[in-house]
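Coordinate analysis (summary)
One letter stands for each residue in the lines below.
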There are 2 protein chains.
Amino acid sequence: MSKPSIPQGTRDFSAAVVRKRQYIFQTIRTVFETYGFQPLETPAMENLNTLMGKYGEEGDKLIFKILNNGLDNPAKLEQIKADFDKVLEGKNTKGITERALRYDLTIPFARYVAMNFGQLTLPFKRYQIQPVWRADRPQKGRYREFYQCDADVVGSNSLLNEVELTHIYQTVFNQLKVPVEIRINSRKILAALAEVCGGADKLTDITVAIDKLDKIGLEKVKEELTQRGLSNEQINTIEQYLQISGSNTEKLATLTQLIGHTTIGAQGIAEVQHLLNYATNIDALVADFTLARGLNYYTGIIFEVKATTVQMGSIGGGGRYDDLTGLFGVPN
Amino acid sequence: MSKPSIPQGTRDFSAAVVRKRQYIFQTIRTVFETYGFQPLETPAMENLNTLMGKYGEEGDKLIFKILNNGLDNPAKLEQIKADFDKVLEGKNTKGITERALRYDLTIPFARYVAMNFGQLTLPFKRYQIQPVWRADRPQKGRYREFYQCDADVVGSNSLLNEVELTHIYQTVFNQLKVPVEIRINSRKILAALAEVCGGADKLTDITVAIDKLDKIGLEKVKEELTQRGLSNEQINTIEQYLQISGSNTEKLATLTQLIGHTTIGAQGIAEVQHLLNYATNIDALVADFTLARGLNYYTGIIFEVKATTVQMGSIGGGGRYDDLTGLFGVPN
């Protein structure tokens, strides 16, 4: 008999911890509801084709797939063997796995909206507090099962949604007595940087490299950009961009000099400026153009929340994505 | 692009339904805590060897296994192919799947107790309200993802635990305004029936057949018992047993005539009598010797709760199991 254990990267929660977590979830739930968000719950399992291709190549590899049952059916032996050969090539096949554990709450939400679009009253504001699963390398503060607490709006282009979300962040973390900085950027600003560096085809390379700045530092980011084929001149521009500093106003002024002449850059700057103008009572709001966010689906303002009194990764994040349900054939 | 859908047997819960479910869970949680049960949460995933072999052969087949990542690693190709051959034979292998979704909350609880036995103060009373997953055929009222709400006691032999659990059932369903019958039996009574029919080796056959009585009726149960090799005389005894009727007192009197002369039968009858004596204020308590429960780990009183005003399967169930952590090498 083997000694009992739990899977790497997962945790049991005893009574004292369950109560603390319930307090945190209840605080967040109450704030979300105060701002008019309604609860939604989706299944832990999604069809594999709902998830695949939505999180980038790295994300796809971190999805926990569920093995089909009945693979010992002798009548289907040949087909199953052929299907497994595809798995060995790194491809997916319904014969071996049709379902997977959700990787985040955003894609299941987009799937829900796409499935129920005709029945929803827009703007549709929902929140979702449920666990997600990632086959990531477990490490301090990084688990394979963890909760996300999402609030999303579909069917409104207004930047007031972003203003509202900064208020939600501030209220939640105030109530939880966790001092934070809410950092903002816009994907349009990153797109403008790519444009200034020679084109949209550089955007993913630049975003992926910048996303690692916190972890690996400027020199390594520059090395990675070189490896990704960017010229010294381009890297020089990106370095200038990454070194923008000062107050929010000062940063925006420097940024305007660097990318303000591009159409998309001017749009991004206007978005950030707009958010800063409307959220004047939120001291914690910091323009941070080094912010990139890992996922590809963002199109406008992106957020990241950092605790200022503890050394750890971000404790909140998100952003605007346009037409996410378009992934499921339902434009919005 | 395929039309978005969710996996068979799973559900999205919109705001109105989430709120109703939260009300139900909160009612149950409050009653559990009133009776001194403390919350516990365990991961959705367990190591496969924690789950396998605990639910009987049928149960094993209904476990959702999680596919290992990295099966396209060329360096391990031969080993992975060999491992998959075992899957094709209906065996499990760590090379293909190491983890699975929990099938119930009882085995994860036993695993938790076994892992933390030295740290627990006995009796240890915990409750757990979390989803479980079963690769069952979806049908009305039967889903592949559903919540269980469990309250368990470890480290006490007292039958007052059973008395307390009947009070919990009554209080919860009273508060939810769902009229119920709480049916009780004892596995010792079923063991005595097997003994009267010729031995302990008949117990599983008899239990499995009786468990289907509700669904298939007496004649089909008798057919199944014939197929399982029981003689007409034995089946005649079982039929007498299944037809015991009347008030709780009348039923116990008839049962005593049938199996009361066996040691284990007398013990089982005493357990049921004890519970009925102490839970006098619970009108809903009904001795029902046709009650069997599907899972094998029960050893004493078993429960099943039926709504009296709606036609559906049981809405609660459980029972006493002795030394469940023994499965993990930790006797209790």
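Residues numbered from 1 in each chain as written. Chains lettered and ligands numbered in written order. Predicted model: local features only at pLDDT ≥ 70, side-chain atom pairs only at ≥ 80, totals over all residues. Heavy atoms only, no water.

1. Some words on the relation of the copies chain B and chain A
Heads up, the condition is: The copies were overlaid by least squares, fitting only the C-alpha atoms of residues that reach a pLDDT of 70 or more in each copy. Residues are treated as being in contact if the distance between any of their heavy atoms lies within 4.5 Å.
When chain B is brought onto chain A, the operation consists of a screw motion whose angular component is 180 degrees and whose axial shift is 0.0 Å, with 0.0 Å RMSD remaining. The superposition of one copy onto the other is thereby described by a two-fold rotation axis. Relative to the rotation axis, the closest C-alpha in chain B is found at B:I66, a distance of 2.1 Å. Interface overlap between copies: 100% of the residues of chain B at the interface are likewise at the interface in chain A, consistent with a symmetric, same-surface contact.

2. Describing the interface of chain B and chain A
To keep it simple, the criterion reads: When a carboxyl oxygen of Asp or Glu is within 4 Å of a side-chain nitrogen of Lys or Arg, the pair counts as a salt bridge. For this analysis, a polar contact is any N or O atom pair within 3.5 Å, provided that within protein one partner can donate a hydrogen and the other can accept it, and provided that sequence-adjacent residues contribute only side-chain to side-chain pairs.
Counting from both sides, the interface comprises 66 residues of chain B and, opposite them, 66 residues of chain A. The interface formed by chain B and chain A contains four salt bridges. Ionic pairing is found between A:E33 and B:R19, a salt bridge with its closest N-O pair at 3.1 Å. Counting across the interface, chain B meets chain A through 20 residue pairs in polar contact (both at pLDDT 80 or more).

3. A word on the sheet that holds strand β8 (residues 285-287) of chain A
Residue and element names in this part refer to chain A. Note the cut-off: Whether two strands pair comes down to DSSP finding at least two bridges between them. Strands are runs of DSSP state E lasting at least two residues, helices are runs of H or I lasting at least four, and both sets are numbered from the N terminus onward. To obtain each axis, a line is fitted to C-alpha atoms, and for helices this fit is confined to the stretch in contact; angles are then taken between N-to-C directions over 0 to 180 degrees.
The sheet built from four strands is open, its strands ordered β8-β7-β9-β10 with mixed pairing. The sheet is open, and its two edges are formed by β8 and β10 (316-319), each paired on a single side. Within the sheet, the average angular offset between the axes of one strand and its neighbour, ignoring direction, is 20 degrees. Here strand β9 (residues 301-307) runs beside β10; their pairing, made up of four bridges, is antiparallel. Note that in β10 the partner of F303 across the bridge is G318. The sheet strands contacting helix α6 (residues 160-175) are β7 (180-186), β8, β9 and β10, and the helix crosses β9 at an angle near 10 degrees.

4. Topic: the packing of aromatic side chains
Residues and elements named next belong to chain A. Here is the rule we go by: Only centres within 6.5 Å qualify two rings of Phe, Tyr or Trp (six-membered ring in Trp) as a pair; their planes then separate them into stacked at under 30 degrees, edge-to-face at over 60, and tilted for everything else. Only when the NZ of Lys or the CZ of Arg is both within 6 Å of the ring centre and within 35 degrees of the ring normal is a charge said to sit over the ring.
Tallying each qualifying case throughout the model produces 23 aromatic pairs over all chains. Here the aromatic rings of F109 and F124 are separated by 6.0 Å at their centres, their planes lie at 15 degrees, and the arrangement is stacked. You can see F109 sitting in helix α5 (residues 106-116) and its partner F124 sitting in strand β5 (residues 124-133), a full 15 residues away along the chain. In textbook terms, an aromatic cluster arises when at least three aromatic residues are bridged by ring pairs, as seen for F32, F37 and Y127. Positioned above the aromatic ring of Y143 is the side chain of R11, whose terminal nitrogen or guanidinium carbon lies 3.4 Å from the ring centre.

5. Overview of the side chain of A:D12
With respect to the helices, strands and loops of the structure, A:D12 is situated in the segment before α1 (15-34). Of the polar contacts made by the side chain of A:D12, one reaches the side chain of B:R111; its length is 2.6 Å. When residues no more than four places from it in sequence are discounted, the contact partners of A:D12 are A:I6, B:E41, B:T42, B:P43, B:R111 and B:Y112.

6. Concerning the pattern of salt bridges
Note on pairing: side chains with opposite charge can pair once their charged atoms come close. The criterion, for reference: Summary of the burial criterion: residues with accessible area below 20% of their type's maximum are buried, those above 50% are exposed, and those between are partly exposed, where the area comes from a 1.4 Å probe applied to protein chains only.
Inspection of the entire model under this criterion finds 38 salt bridges over all chains. Here A:E224 and A:R228 are joined by a salt bridge, their closest N and O atoms 3.0 Å apart. Relative accessible area serves as the criterion here: at 33%, A:R228 is assigned to the partly exposed category. A salt bridge links B:D288 to B:R183; the nearest nitrogen and oxygen atoms lie 3.3 Å apart. With B:D288 in the loop between β8 (285-287) and β9 (301-307) and B:R183 in strand β7 (residues 180-186), the pair connects residues that are 105 residues apart, well separated along the chain.

7. Looking at the packing of helix α7 (residues 187-196) of chain A against helix α11 (residues 248-259) of chain A
A pair of packed helices is captured by two measures, namely the crossing angle of their axes and the spacing between those axes. All names here are of chain A. We count it as follows: Note on angle classes: values under 35 degrees are labelled roughly parallel, values over 145 roughly antiparallel, values of 65 to 115 roughly perpendicular, and the remainder oblique. Amino acid classes used here: Ala, Val, Leu, Ile, Met, Phe, Trp, Tyr, Cys and Pro are nonpolar; Asp, Glu, Lys and Arg are charged; the rest, including Gly, are polar.
At a minimum axis separation of 10 Å, α7 and α11 run at an interaxial angle of 40 degrees. Classified by the angle between their axes, α7 and α11 sit oblique to one another. Together, I189, A192, L193 and V196 of α7 and L255, L258 and I259 of α11 make up the contact between the two elements. Per-class residue counts for the contact of α7 with α11 are seven nonpolar, no polar and no charged.

8. A look at unusual backbone geometry
A negative phi holds for most residues other than glycine; trans holds for most peptide bonds. Residue A:P123 follows A:L122 across a cis peptide bond; omega there is -10 degrees. Inspection of the secondary structure assignment puts A:P123 in the loop between α5 and β5. For B:K177, which is not glycine, the phi torsion reads 60 degrees and is therefore positive. Its location among the elements puts B:K177 in the loop between α6 (160-175) and β7.

9. Here we look at the sheet that holds β5(A)
All names here are of chain A. Across the sheet, which stays open at both edges, the three strands sit in the order β1-β5-β6 with mixed pairing between neighbours. With one partner strand each, in any of the chains shown, β1 (38-39) and β6 (145-154) form the two edges of the open sheet. Across two bridges, β1 lies against β5 in parallel orientation. Within β5, the residue paired with P39 across the bridge is Y127. Seen against the sheet, α1 touches β1, β5 and β6 and runs at an angle of roughly 5 degrees to β6.

10. Things to note about the packing of helix α1 (residues 15-34) of chain B against α6(B)
Residue and element names in this part refer to chain B. The cut-off we apply is this: Crossing handedness: left-handed means the near helix sits turned counterclockwise from the far one by under a right angle, and right-handed means the same turn made clockwise.
As a packed pair, α1 and α6 sit with axes 10 Å apart at the nearest point and diverge in direction by 145 degrees. Crossing of α1 over α6 shows right-handed handedness. The residues of α6 that touch α1, namely those facing Y23, T27, I28, V31 and F32, are I168, T171, V172 and Q175. Each residue belonging to the contact of α1 with α6 can be placed in one class, and the counts come to six nonpolar, three polar and no charged.

11. Here we look at α1(B)
What counts, and what does not: Helix span is expected to be 1.5 Å times the residue number reduced by one.
Taking 1.5 Å as the rise per residue, α1(B) with 20 residues should run 28 Å; its terminal C-alpha atoms sit 28 Å apart, in good agreement. As for α1(B), its buried residues are in contact with α1 and β1 of chain A together with β5 (124-133), β6 (145-154) and α6 of chain B. Remark: B:G36 follows α1(B) within two positions and exhibits a positive phi of approximately 85 degrees.

12. A few points about the side chain of A:K65
We apply this condition: His is not counted, nor are the chain ends; Lys and Arg add positive charge and Asp and Glu add negative charge.
Within the secondary structure, A:K65 is located in strand β3 (residues 65-66). Despite its burial, A:K65 remains without a salt bridge, the nearest opposite charge being carried by A:D60 at 7.7 Å. Within the structure, the side chain of A:K65 is placed 3.3 Å from the side chain of A:N92, a separation counted as a polar contact. Setting aside residues no more than four positions away along its own chain, A:K65 makes contact with A:L48, A:M52, A:N92, A:T97, A:R99, A:A100, B:K65, B:I66 and B:L67.

13. Regarding helix α8 (residues 203-211) of chain A
If you check which residues of α8(A) are buried, you get A:D205, A:I206, A:T207, A:A209 and A:I210. Taken together, the buried residues of α8(A) touch α7, α9 (213-227) and α10 (232-242) of chain A.

14. Side note on the pairing of β6(B)
All names here are of chain B. Most of β6 is tucked away, with seven of its ten residues classed as buried. By the bridge criterion, ten bridges tie β5 to β6 in an arrangement that is antiparallel. In the strand pairing of β6, Q130 is matched with Q148.

15. Focus: the confidence of the model for chain A
Low pLDDT marks stretches whose predicted atomic positions should not be read closely. Put simply, the test is: Scored from 0 to 100, pLDDT records how confident the predictor is in each individual residue.
Summarising the model, chain A shows a mean pLDDT of 92, and 99% of its residues fall at 70 or more. Scored as a whole, the predicted complex attains pTM 0.92, and scored at its interfaces, ipTM 0.91.

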